[in-house]
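# Structural overview for review
The chain contents come next:
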Amino acid sequence: MGIIHEEAHYALAIALVAFLIRAFVLGHWNTIKRNGERLKIPPNTLPLVGNGLQFLQSRWKLFSWFDACQRKFGYETVALSVPTLPPGVLIHDPRNLDYVFKNEGVFTKGNFVKGRTWDLFGNGIINAEGDFWKTQRKAGLSFLNTANLRVLTDVALPQYLSESIAQLRSSANGTVVVDLQHVFHEITTKLMGKMAYNMKMHADDEFTVSFDHASGGTAERFQNPLWFVTEIFLGTKLRKSIAVVKDFGRRIVTEAVQDRQSQNSHEKGFGEEEKKLDQISGSLIQSLLDAIQDEQMVADAALTYLSAGRDTTGQALTWTFYLLMRHPRVVSKIRKEAAQLLKEKDVALARDQFDSSLFNPVTMPYSMAVFYEVLRIYPPIPFEIRQCNEDVTLPDGTFLPESSILVWCLWAMQRSKLTWGEDADEFKPERFLDENNKLISRSPSEFPVFYGGPRTCLGRKMAEAIAAQVIPTMACLFDFVPTSNEERTSKTSLTLPMEGGLPVTVKTRAGEER
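About the cut-offs
- Residues numbered from 1 in each chain as written.
- Predicted model: local features only at pLDDT ≥ 70, side-chain atom pairs only at ≥ 80, totals over all residues.
- Heavy atoms only, no water.
- UniProt positions renumbered as here; feature names shortened; annotations may be inferred.
- Core = buried A, V, L, I, M, F, W, Y, C linked by side-chain atoms within 4.5 Å.
- Buried < 20%, exposed > 50% of the residue type's maximum accessible area, 1.4 Å probe, protein only.
- Helix = DSSP H or I, 4+ residues; strand = E, 2+ residues; numbered from the N terminus.
- Contact = heavy atoms within 4.5 Å.
- Phe/Tyr/Trp six-rings, centres within 6.5 Å; stacked < 30°, edge-to-face > 60°.
- Lys NZ or Arg CZ within 6 Å of the ring centre and 35° of its normal.
- Polar contact = N/O pair within 3.5 Å; in protein donor to acceptor, adjacent residues only side chain to side chain.
- Salt bridge = Lys/Arg side-chain N within 4 Å of Asp/Glu carboxyl O.
- Disulfide = S-S within 2.5 Å.
- Axes fitted to C-alpha atoms, helices over the stretch in contact; angles between N-to-C directions.
- Nonpolar A, V, L, I, M, F, W, Y, C, P; charged D, E, K, R; others polar.
- Arc of directions from axis to C-beta.
- Pairing = 2+ DSSP bridges.

You'll find the protein entered in an unreviewed UniProt entry as Cytochrome P450, with Pseudoneurospora amorphoporcata given as the organism. Regarding the protein, the relevant UniProt record gives this comment under Pathway (unreviewed entry): "Antibiotic biosynthesis."

Spelled out as structure tokens, the structure:
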């Protein structure tokens, strides 16, 4: 062990020297200009290391730093200087982001992003470009067609939601601590497992635990400029986690191929509703197999879709109930909206039987406004990085040479008072509703949580459908009380999982709005 530590220190010393030399060179090389003038630099920019130390902070502090930048500079583009990165900028102006979305062929993931995510996602859609990206997107569109979404909202989601409700009722004595993050992840994991891959999956299985660690380790690579050195000595768990994830991807493909070869591949339900779900189970992986000949590439694509469809929605629901517990006024309005709809439909919110599919994005505008407001404050993908594959000039006049890095932080942009008004720091779902209680549509460049342009999120309607059922159903059936009033933060990840989950106690509501 002593020899290993000595070698680690020696390697780190060499890397640090190289790091500082490169910092000195880049400090003089980063001459990105706007209309012929050098860009302003962010707060806490230091000689040699530039903004490198900011990226070494915890991600929560990094988000705060991004937020401080947008509060100081408004829509102005500012220079970013991190020793192991090419020259870069931080953008805040929705016009610039709109230009990025509309020119996705110019602003790509590039070697900077792919080099850090490749061993986890490989050729998955998160890294894919050109025709191979189009192939995967087409498969995703086939999976998320109108008929399949109807089965999700009418059959699969009510089934898995009712299972979670039953489990919550068994703990609803006001003393048992329940992790709501796990509850919501269990729902989304079951949904994606069955519908996309025809597999039984759970939120606490080996794959999920390993993927969570791999996601965190991959995210650290974007903040640690010496990740390629430190992982040599400290990356054993990360490598093992990635191996488990990749093995699971191959298992998804193997079982899907076996399904094709077996006439009795699906478990047959006894009722019509179960048959509908069985008929579309595994439709995503089968679409990928139809479109892609290489099974390893199919596995990469499957893992990427699994993460996108499961993690982000489960995490968004977690942050939703975190904020609802802090804003009882909003909870009351959700319950009132639900009660009004049930009265119109002459339906009771019964204890043992209830059709949650009555709740959808059209019938529950206030609940959807709550969901959008949560996504604004706690975006599932907190910041994005792109690399220019050619010289380009942004709408504000900033000239970016080829290979430049472009960063935008949704966490900061969606708190901008220039875009969202003086109350941007407040949790106010009403900002997404007009005077007639109709949902207001914000442009992707102002509200980029679902991205924009050709790469607009495929799963938006799926996420909205899940939220429209889960939020009012859970709010009407239960009272949740946090075990602590401390501010919750996110752990390191490519998405926004809550550190330590969301521990609560649960009580069944008296009468359950009957």
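Picking up after the structure, the text goes on.
### Observations regarding the nonpolar core
In this structure, Phe-66, Tyr-197, Met-474 and Phe-480 are the most contacted members of the largest nonpolar core, which totals 125 residues. By residue number, the principal contributor to this core is helix 14 (residues 295-326), which donates 15 residues. Apart from the residues within four sequence positions on either side, Phe-480 is in contact with Leu-168, Leu-180, Phe-321, Met-325, Met-474, Val-504, Thr-505 and Val-506. If you look at the next biggest cluster of nonpolar residues, it comprises 19 residues, including Val-106, Cys-388, Val-392 and Leu-410.

### Some points on the packing of aromatic side chains
Counted under the stated rule, the structure contains 30 aromatic pairs. A ring pair is formed by Trp-420 and Phe-432, whose centres lie 5.7 Å apart and whose planes are at 45 degrees; its orientation type is tilted. With Trp-420 in helix 18 (residues 417-420) and Phe-432 in the loop between helix 18 and helix 19 (460-477), the pair connects residues that are twelve residues apart, well separated along the chain. The buried category is assigned to Phe-432, whose relative accessible area is 1%. If you follow Arg-442 out to its NZ or CZ, it ends over the ring of Trp-420, 4.1 Å from the centre.

### Comments concerning the pairing of strand 10 (residues 405-409)
With five of five residues buried, strand 10 is to be regarded as a mostly interior element. Of the two faces of strand 10, the one holding Ile-405, Val-407 and Cys-409 and the one holding Leu-406 and Trp-408 are both buried throughout.

### Looking at the side chain of Arg-310
Here Arg-310 shows up in helix 14. Judged by its relative accessible area of 1%, Arg-310 falls in the buried class. Only 2.9 Å separates the side chain of Arg-310 from the side chain of Thr-208, close enough to count as a polar contact. Excluding its chain neighbours within four sequence positions, the residues that come into contact with Arg-310 are Thr-188, Thr-189, Met-192, Phe-207, Thr-208, Phe-211 and Asp-212.

### Comments concerning the pattern of salt bridges
Per the stated rule, a full pass over the model turns up 30 salt bridges. Put simply, Glu-373, Arg-376, Asp-423, Lys-428 and Arg-431 are held in one network by salt bridges that share partners.

### Things to note about the state of the cysteines
Overall, the coordinates contain zero disulfides when judged by the stated rule. Here Cys-69 is not disulfide-linked; the sulfur of Cys-409 is the nearest cysteine sulfur, at 9.2 Å.

### Here's the deal with the packing of helix 15 (residues 328-345) against helix 16 (residues 365-377)
The N-to-C vectors of helix 15 and helix 16 enclose an angle of 145 degrees; their axes lie 8 Å apart at closest approach. Where helix 15 approaches helix 16, its residues Arg-329, Val-330, Lys-333, Ile-334 and Glu-337 are matched on the opposing element by Pro-365, Tyr-366, Ser-367 and Val-370. Of the residues contributing to the contact of helix 15 with helix 16, the split by class is five nonpolar, one polar and three charged.

### Notes on helix 4 (residues 94-102)
What helix 4 keeps buried is the set Pro-94, Asn-96, Leu-97, Val-100 and Phe-101. Burial along helix 4 is one-sided: seen end-on, the buried residues are contained in an arc of 155 degrees. Buried residues in helix 4 make contact with strand 5 (107-108), strand 10, helix 17 (410-413) and helix 18. Of the residues that open helix 4, the one with a side-chain oxygen 2.9 Å from the backbone nitrogen of Arg-95 is Asp-93.

### Looking at unusual backbone geometry
Positive phi values are uncommon outside glycine, yet Asn-35 reaches one of about 55 degrees. Topologically, Asn-35 is positioned in the loop between strand 1 (33-34) and strand 2 (37-38). Positive phi outside glycine occurs at Asn-198, with the angle close to 55 degrees. As for its placement among the helices and strands, Asn-198 is situated in the loop between helix 8 (180-197) and helix 9 (206-221).

### Brief notes about the sheet that holds strand 11 (residues 478-482)
Across the sheet, which stays open at both edges, the three strands sit in the order 6-12-11 with antiparallel pairing between neighbours. What marks the edges here is a single partner per strand, and that holds for strand 6 (173-179) and strand 11. Sheet twist, expressed as the mean angle between neighbouring strand axes with direction ignored, is 35 degrees. Bridging between strand 11 and strand 12 (residues 503-508) involves five bridges; their strand directions are antiparallel. Each residue of the ladder has a partner; that of Val-481, found in strand 12, is Thr-505.

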